[in-house]
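Structure at a glance
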Amino acid sequence: MAHDHDHAATANRARLWVAIAIIGAFLVVQLVGAFISGSLALLADAGHMTSDLIGLVVALVAAVVAARPATDRQTYGYRRAEVFGALVNGVILVVVAVSVAVGAVGRLMSGAEGEAHEVQGVPMLVVAVIGLAANVAAMLVLRGGAKDSINLRGAYLEVLGDLIGSVLVIAAALVIVFTGFDAADPIASLAIAGLIVPRAISLLRDVARVLFESAPADTDVAEIRAHILGTNGVVAVHDVHVWAITSGSHVFSAHVEVEPEVFASGRAGELLDELGGCLSDHFDVAHSTFQLEPAGRAEREQPQHP
C-alpha cells in the first residue's frame, strides 16, 4: 500500500510539472491577446489562468512536502500539506472571482453612461480558441490524479473553470465579431466569475472537513460500527473516531469490548487482524487502531464517546 501511495505521489508531481508548462506558456499568449484586443473577458480569463498557475505551483510544492517521510515529531508525515495547498487554491479562486466581477460591473456601468470600450473581436477569438486547446491538454494531464488527491483536485477544478471560461470568451468574441455588441465582453466576464465561486466553495468545504477532522463524506460511521459489532467475540464498541489525514488516507480508532474468552484463549491478535482487514477491505481505511477491552469497561471510562 505504501508503494502504491509513493507511485501515485510521483505520478501526481509529474502531472503538475506538465500542467505548469502548458498553462505558463499560454498565459503569456493570453496576456498579449488581451492587450491587443482590449477584451476584459480575455483579461479576466488571463487572471483566472494566473491563479491556475499559482495554484499549480502551490500544489506542486505541497506535493513535494507531502512526500517527506514521517518523523518522531510529525508522526503522520507531511501529507496534510496537500490540504493546505488546496486551501490556498480555494482562496485564490475567491479573490479572482471578486476581482473579475468588480471589473465587469464597472465596465458595464461606464458603458451605460456612454463611455465606449471598443473590443477587437477577431484577436480575442483566436486567443480564446488557443486557450481552450491549452486547457483541454492540462485537464487531460491532471485528470488521472484528481480522484485520489484533494491537492490535485483543486488544480484540476481550476483548469476546468478556465476551460469553461475559454468557451465563454469564444462566445463573447463571436457576438462581437458578428454583431458589434461590445457589452458581451463584460457580460462573459461576470459569467466566468459566477462559475468560479461554486467550485471554490466546494473545494474549501472539503478542506474544512479534513482540517476539522470530520468523518470523510463517503464514510458511514454507523455502518462501520455495525461491522465491528458483527464480528465474533465483540460485545460493544465505543470511542469511535474516523478522520482523514488527507484525501484518500483515512484513519480509524475505537475501543472494542470483547468476551472474556477472547483473552483467555489468546485470540486477541487474531481478532485485531480480522477487524483491521474488515476496515481496509470494506471501508478503505488505511490505518486503524483498536483498543481491546473486557466487557463493561466503558462504564468506568470518563468521558464516554459514541
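Scroll up for the structure.
Because the structure is predicted, anything quoted here is derived from the model rather than measured.

Assigned secondary structure in the chain consists of 9 helices and 3 strands. Secondary structure elements of the chain, listed N to C terminal, follow the sequence α-α-α-α-α-α-α-β-β-α-α-β. Relative to its full complement of 306 residues, the chain shows a buried share of 44%. Expressed as a percentage of contacts within the chain between residues at least 6 apart in sequence, the contacts between residues at least 24 apart total 73%. Surface accessibility of the chain: about 14,900 Å² in total, with carbon and sulfur atoms responsible for 64%.

With that out of the way, let us pick up a nonpolar patch on the surface. Residues Val 29, Val 122, Val 126, Ile 130, Leu 174, Val 177 and Phe 178 make up a contiguous nonpolar surface patch of about 610 Å² in total accessible area. Mapped onto the nonpolar patch, the elements with two or more residues apiece are helix H4 (121-146) and helix H5 (150-179).

It is worth spelling out the sheet that holds strand S3 (residues 285-294) at this point. Overall, mixed pairing links the 3 strands, which are arranged S1-S2-S3 in an open sheet. Each edge of the sheet is formed by a strand with only one pairing partner; in this case those strands are strand S1 (234-246) and S3. Here the strands of the sheet are splayed against their neighbours by 15° on average, with no regard to which way each runs. Bridging between S1 and strand S2 (residues 249-258) involves 9 bridges; their strand directions are antiparallel. Considered in S2, the bridge of Val 237 is made with Val 256. Together, S1, S2 and S3 form the strand contacts of helix H7 (residues 221-229), whose direction differs from that of S1 by roughly 140°. Here helix H9 (residues 268-283) sits on the sheet in contact with S1, S2 and S3, set at roughly 145° to S3.

Phi angles above zero are rare outside glycine, and Glu 213 is one such case at about 55°. Relative to the assigned elements, Glu 213 resides in the loop between helix H6 (184-211) and H7. The backbone of Asp 239 sits at a positive phi, close to 50°, despite the residue not being glycine. Within the secondary structure, Asp 239 is located in strand S1.

Between its terminal C-alpha atoms H6 stretches 41 Å, which fits the 40 Å expected from 28 residues at 1.5 Å a residue. Positive phi shows up at Glu 213, right after H6, with a value of about 55°.

This paragraph deals with the nonpolar core. Leu 16, Leu 56, Met 124, Leu 142, Val 169 and Ile 196 are the most contacted members of the largest nonpolar core, which has 45 residues in total. Put simply, the parts of the chain that give this core at least two residues each are helix H1 (2-37), helix H2 (40-66), helix H3 (81-112), H4, H5 and H6. Among the elements that line this core, the one with the most residues is H5, at 10 residues. Here Leu 142 is in contact with Arg 15, Leu 16, Ala 19, Leu 56, Leu 152, Ala 155, Tyr 156 and Val 159, once residues within four sequence places are set aside. Core analysis: the next-biggest nonpolar cluster, separate from the first, contains 19 residues, Val 234, Val 242, Phe 252 and Leu 279 among them.

Okay, the pattern of salt bridges next. Pairing of side chains with opposite charge becomes possible as their charged atoms draw close. The tally for this structure, following the rule as stated, stands at 1 salt bridge. Across the pair Asp 206 and Arg 209 runs a salt bridge, and its minimum N-O distance is 3.0 Å. Here Asp 206 and its partner Arg 209 are both found in helix H6, 3 residues apart, which amounts to about one turn of the helix.

What follows deals with the environment of Leu 42. Residue placement: Leu 42 occurs in helix H2. The buried category is assigned to Leu 42, whose relative accessible area is 0%. The spatial distance from the C-alpha of Leu 42 to the C-alpha of Leu 168 is 9.6 Å, given a sequence separation of 126 residues. Ignoring anything within four residues of it in the chain, the contact list for Leu 42 reads Gln 30, Gly 33, Ala 34, Ser 37, Met 124, Val 127, Ala 128, Val 169 and Asp 185.

On to the environment of Leu 16. When you line up the elements, Leu 16 lands in helix H1. Here Leu 16 falls in the buried class, since its relative accessible area comes to 0%. In the structure, Leu 16 is positioned 122 residues away from Ala 138 in sequence and 9.0 Å away in space, judged by C-alpha atoms. Apart from residues lying up to four places away in sequence, Leu 16 is in contact with Leu 56, Ala 59, Leu 60, Ala 63, Leu 142, Leu 152 and Ala 155.

This paragraph deals with the packing of H7 against H9. Running from N to C, H7 and H9 point in directions that differ by 145°, and their axes come no closer than 10 Å. The crossing of H7 and H9 is right-handed. Seen from H7, the contacting residues are Glu 223, Ile 224, His 227 and Ile 228; seen from H9, they are Leu 275, Cys 278, Leu 279, His 282 and Phe 283. Taken together, the residues that form the contact of H7 with H9 break down as 6 nonpolar, 2 polar and 1 charged.

This brings us to the side chain of Glu 293. Relative to the helices and strands, Glu 293 resides in strand S3. Judged by its relative accessible area of 1%, Glu 293 falls in the buried class. Separated by 2.8 Å, the side chains of Glu 293 and His 255 make a polar contact.

Criteria and cut-off values
- Residues numbered from 1 in each chain as written.
- Predicted model: local features only at pLDDT ≥ 70, side-chain atom pairs only at ≥ 80, totals over all residues.
- Heavy atoms only, no water.
- Helix = DSSP H or I, 4+ residues; strand = E, 2+ residues; numbered from the N terminus.
- Buried < 20%, exposed > 50% of the residue type's maximum accessible area, 1.4 Å probe, protein only.
- Contact = heavy atoms within 4.5 Å.
- Areas by Shrake-Rupley, 256 points an atom, 1.4 Å probe, with all protein chains shown as cover.
- Patch = residues over 30% accessible without salt bridge, like charges linked within 9 Å, V, L, I, M, F, W, Y side chains within 5 Å.
- Salt bridge = Lys/Arg side-chain N within 4 Å of Asp/Glu carboxyl O.
- Pairing = 2+ DSSP bridges.
- Axes fitted to C-alpha atoms, helices over the stretch in contact; angles between N-to-C directions.
- Expected span 1.5 Å × (residues − 1).
- Core = buried A, V, L, I, M, F, W, Y, C linked by side-chain atoms within 4.5 Å.
- Left-handed = near helix turned anticlockwise from the far one by under 90°.
- Nonpolar A, V, L, I, M, F, W, Y, C, P; charged D, E, K, R; others polar.
- Polar contact = N/O pair within 3.5 Å; in protein donor to acceptor, adjacent residues only side chain to side chain.

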